[in-house]
Amino acid sequence: MAVSGDPKLKIVKGEAGYVLEDVPHLADYLSDLPTYPNPLQTNPAYSVVKQYFVNEDDTVAQKIVVHKDSPRGTHLRRAGPRQKVYFEADEVHACIVTCGGLCPGLNTVIREIVCGLYHMYGVNKVLGIDGGYSGFYSRNTVDLTPRVVNDIHKRGGTILGTSRGGHDTLKIVDSIHDRGINQVYIIGGDGTQKGASVIFEEVRRRGLKVAVVGVPKTIDNDIPVIDRSFGFDTAVEEAQRAINAAHVEAESIENGIGVVKLMGRYSGFIAMYATLASRDVDCCLIPESPFFLEGRGGLFEFIEKRLKENGHIVIVIAEGAGQDLLSESLQSMSQQDASGNKLLKDVGLWISQRIKDHFAHQHKMSVNLKYIDPTYMIRAIPSNAADNVYCTLLAQSAVHGAMAGFTGFVVGPVNGRHSYIPFNHITERQNKVVITDRMWARLLSSTNQPSFLNPKDVDEVLKEEEPLTQLLEGDNCKDSKY
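Here the structure is a predicted model, which means the values were calculated and not measured.

Peer 1: Please clarify how helix α5 (residues 232-251) should be interpreted in this entry.
Peer 2: Helical geometry: 3.6 residues make up each α-helical turn, so side chains three or four residues apart lie on a common side. The first and last C-alpha atoms of α5 sit 28 Å apart over 20 residues, in line with the 28 Å expected at 1.5 Å per residue. When α5 is considered as a whole, its buried residues turn out to be F232, T234, A235, V236, E238, A239, A242, I243, A246, H247 and A250. On its buried face, α5 is in contact with β13 (256-262), α6 (269-278), β15 (312-318), β16 (368-372), α10 (375-379) and α11 (385-403).

Below you can see the structure in the form of structure tokens.
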């Protein structure tokens, strides 16, 4: 097998087009590290498991739909416990930090990292960093034990607190070194993982025996490569309450219009899946699919048509949809929050007002519009059963990876198998709904809404997604596998 010469990328090439995009390991830059037998061998919980450990050669294919003559393609290292570990239990001093916005499941991930370290590997020194990245150098820490975290999965939010920004690489790594921390678990979205990648690079530059592990978190499901992000299932489920309320309001009055704004700054996955799950939605608007208001084939015409047919209409709109229509009057388009996210105007309020103004000026019909924004209610709830199980697998895979000496990676499921993914895979782009894909076509079929695309828009979308056509065969195939 051939190995890439780039020290920042561990790429191994094999026969028949096999490519392994491997993750860094402590042994890559620290020589003569001792190894120890994995304590899972004597753990009663694992006594009935036929195969304790993942084979060192196990990898996970990014591309699972292939032709008979296709190359084997890109693979990622499979997550799971290894036969040898690079830390003894008494040596480990771990820390956990949560960054960015709230998301269902944060407390579950925290709980399972702590319990995984304690119960699987006998680790008893775990710190919680208070208040995000800035907590490394400006806040107190919290001692975390199984007793402390026992019931936190039943609560929303994060017991550690969170913040945006505050990333000062040198101060953070100085704090890690001064506190004697040697395992860092960082829970956050793509911006947070970019920060984690920089922390890893500084740790490697200093030659410290510190494993830096990312657990990807975004309620919008906009992180690439992985099948889905934790909290997404809960968000889609909870969004049903808002959609149902809008539907009840709309159908209970003449010419009722229910407008629901859901999360989705750049990606419309929550709006799309909530619409498909609900069956009460007449129109779904997402950032990836342009739309227009006035004229033939526009949104206003469709609303009027649906009101005449059914007497009511329910519209779901993602927060990032239609921002181009607001840009002329929007002063904050160039402003950003502390995480570097573009500040968006409330498109739900804006489109609700535009709809009311349109029908008031047309004098064709009187409408009754109700606007619902459940954003913060959804973000703040505990995770549901499916996400709780998923968070457990994420946390335990992260712990196994750190104990095995892997570093500079995020963990997540790829085609149903948990994998260790290099930071650059997560941070180089965002996952978005592919509106030329069958999943979006299923939504259009469900709602019977027009695409709102004119021929020029279609050409532009196809041009933009042309490079992704190849990626759909590999690491951006989430929409196409159903």
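Picking up where we left off.
Peer 1: Is there a simple way to explain the nonpolar core in this structure?
Peer 2: One broad rule of soluble globular proteins: the nonpolar side chains tend to lie buried together. Core analysis: the biggest nonpolar cluster contains 113 residues, and I96, Y185 and F230 have the highest contact counts within it. Discounting residues that sit within four places of it in the chain, Y185 has contacts with A94, C95, I96, V97, I113, L117, V213, A398, V399 and A402. Within the second largest apolar cluster, 25 residues are counted, among which are I257, C283, F302 and I303.

Peer 1: Please clarify how the packing of helix α3 (residues 169-179) against helix α4 (residues 190-206) should be interpreted in this entry.
Peer 2: Any two packed helices are characterised by how steeply their axes cross, that is the angle between the axes, and by the distance between the axes. Two elements in contact, α3 and α4, have axes separated by 10 Å at closest approach and are oriented at 60 degrees. Relative to α4, the element α3 is oriented oblique. Crossing of α3 against α4: the hand is right-handed. Contacts from T169, L170, I172, V173, D174 and I176 in α3 reach V198, I199, E202, V203 and R206 in α4.

Peer 1: So what exactly am I meant to see when it comes to the confidence of the model for the protein chain here?
Peer 2: The predicted coordinates ought not to be read in detail in places where the model reports low pLDDT. Of the residues in the protein chain, 89% have a pLDDT of 70 or more, and the chain-wide mean is 89. The low-confidence segment residues 467-482, where pLDDT is below 50, has 38 contacts with residues more than four positions distant or belonging to other chains.

Peer 1: When you look at the packing of helix α7 (residues 299-310) against helix α9 (residues 347-362) in this model, what are you seeing that I'm missing?
Peer 2: Between α7 and α9, whose axes approach to 11 Å, the crossing angle comes to 70 degrees. One way to sum up the angle between α7 and α9 is to call them roughly perpendicular. Judged by the sense of rotation from one axis to the other, the crossing of α7 with α9 is right-handed. Each of L299, F300, I303, E304 and L307 in α7 lies in contact with α9, whose residues at this interface are I351, R354, I355, H358 and F359. Among the residues forming the contact of α7 with α9, the class breakdown is 7 nonpolar, 1 polar and 2 charged.

Peer 1: I'm lost on the pattern of salt bridges in this one. Help?
Peer 2: Close approach of charged atoms allows side chains with opposite charge to pair. Summed over the entire model, instances satisfying the criterion amount to 21 salt bridges. The salt bridge partner of R205 is E202, with a shortest N-O separation of 2.7 Å. With a gap of 3 residues between them, R205 and E202 both fall in helix α4, about one helical turn apart. Look at E202 and you get buried, because its relative accessible area is 10%. Linking E294 and R354 is a salt bridge whose minimum nitrogen-to-oxygen distance equals 3.2 Å. Taken together, the residues E294 in the loop between β14 (283-285) and α7 and R354 in helix α9 connect sequence positions 60 residues apart. Judged by its relative accessible area of 46%, E294 is partly exposed. For R354, a relative accessible area of 29% gives the class partly exposed. One salt-bridge network, in which partners are shared between bridges, spans K10, D22, D28 and R77.

Peer 1: Please explain the side chain of E202 as it appears in this structure.
Peer 2: Of note is the side chain of E202, whose polar atom sits 2.7 Å from the side chain of R205. Sequence-distant contacts of E202, that is, excluding residues within four places in its chain, are made with T169, L170 and V173.

Peer 1: How should the side chain of Q193 be read in this particular structure?
Peer 2: Within the secondary structure, Q193 is located in helix α4. Of the residues examined, Q193 reaches a relative accessible area of 0% and is grouped as buried. Separated by 3.4 Å, the side chain of Q193 and the backbone oxygen of I186 make a polar contact.

Peer 1: Would you explain the environment of A89 in this entry?
Peer 2: Relative to the helices and strands, A89 is located in the loop between β7 (84-85) and β8 (94-98). Owing to a relative accessible area of 23%, A89 belongs among the partly exposed residues under this scheme. Residues A89 and V123, 34 residues apart in the sequence, show an inter-C-alpha distance of 4.8 Å. Setting aside its immediate chain neighbours within four residues, A89 contacts Y121, G122 and V123.

Peer 1: Would you take a moment to explain the environment of H418 for this structure?
Peer 2: One can find H418 in strand β18 (residues 417-422). For H418, a relative accessible area of 16% puts it in the buried group. Considering only alpha carbons, one finds H418 and T59, 359 residues apart in sequence, at a separation of 9.9 Å.

Peer 1: I keep staring at α9 and nothing clicks. Help me out?
Peer 2: Taking 1.5 Å of rise per residue, 16 residues should cover 22 Å, and α9 covers 22 Å from first to last C-alpha, within 8% of that figure. Among the residues making up α9, those that are buried are V347, G348, W350, I351, S352, I355, H358 and F359. In the core, the buried residues of α9 are packed alongside β13, β14, α7, β15, α8 (323-326) and β16. Where α9 begins, the capping side chain belongs to D346, and its oxygen is found 3.0 Å from the backbone nitrogen of G348.

Peer 1: Mind showing me how you'd approach the sheet that holds β15 here?
Peer 2: Sheets are built from strands paired through backbone hydrogen bonds, the pairs being either parallel or antiparallel. Spatially, β14-β15-β13-β16 is the arrangement adopted by the 4 strands of the open sheet, whose pairing is parallel. On the outer flanks of this sheet lie β14 and β16, each paired with one strand and no other. For this sheet, the mean angle separating the axes of adjacent strands, direction not counted, is 15 degrees. Where β13 lies against β16, 5 bridges are found, and the strand directions are parallel.

Peer 1: Would you explain the packing of aromatic side chains in this entry?
Peer 2: By convention here, two paired aromatic rings are described through the distance between centres and the angle between planes. Applying the stated criterion to the full structure yields 4 aromatic pairs. Geometrically, the ring pair formed by F406 and Y420 is tilted, given 5.7 Å between the ring centres and 45 degrees between the ring planes. Note that F406 is positioned in the loop between α11 and β17 (409-414) and Y420 in strand β18, a separation of 14 residues in sequence. Judged by relative accessible area, F406 falls into the buried class, the value being 6%. Residue classification places Y420 among the buried positions, given a relative accessible area of 0%. For the ring pair F409 and Y420, a centre distance of 4.6 Å and an interplane angle of 55 degrees mean the geometry is tilted. Taken together, the residues F409 in strand β17 and Y420 in strand β18 connect sequence positions 11 residues apart. Put simply, the rings of F406, F409 and Y420 touch in pairs and so form one group of aromatic residues.

Procedures and definitions
- Residues numbered from 1 in each chain as written.
- Predicted model: local features only at pLDDT ≥ 70, side-chain atom pairs only at ≥ 80, totals over all residues.
- Heavy atoms only, no water.
- Helix = DSSP H or I, 4+ residues; strand = E, 2+ residues; numbered from the N terminus.
- Expected span 1.5 Å × (residues − 1).
- Buried < 20%, exposed > 50% of the residue type's maximum accessible area, 1.4 Å probe, protein only.
- Contact = heavy atoms within 4.5 Å.
- Core = buried A, V, L, I, M, F, W, Y, C linked by side-chain atoms within 4.5 Å.
- Axes fitted to C-alpha atoms, helices over the stretch in contact; angles between N-to-C directions.
- Parallel < 35°, antiparallel > 145°, perpendicular 65-115°, else oblique.
- Left-handed = near helix turned anticlockwise from the far one by under 90°.
- pLDDT = per-residue confidence, 0-100.
- Nonpolar A, V, L, I, M, F, W, Y, C, P; charged D, E, K, R; others polar.
- Salt bridge = Lys/Arg side-chain N within 4 Å of Asp/Glu carboxyl O.
- Polar contact = N/O pair within 3.5 Å; in protein donor to acceptor, adjacent residues only side chain to side chain.
- Pairing = 2+ DSSP bridges.
- Phe/Tyr/Trp six-rings, centres within 6.5 Å; stacked < 30°, edge-to-face > 60°.

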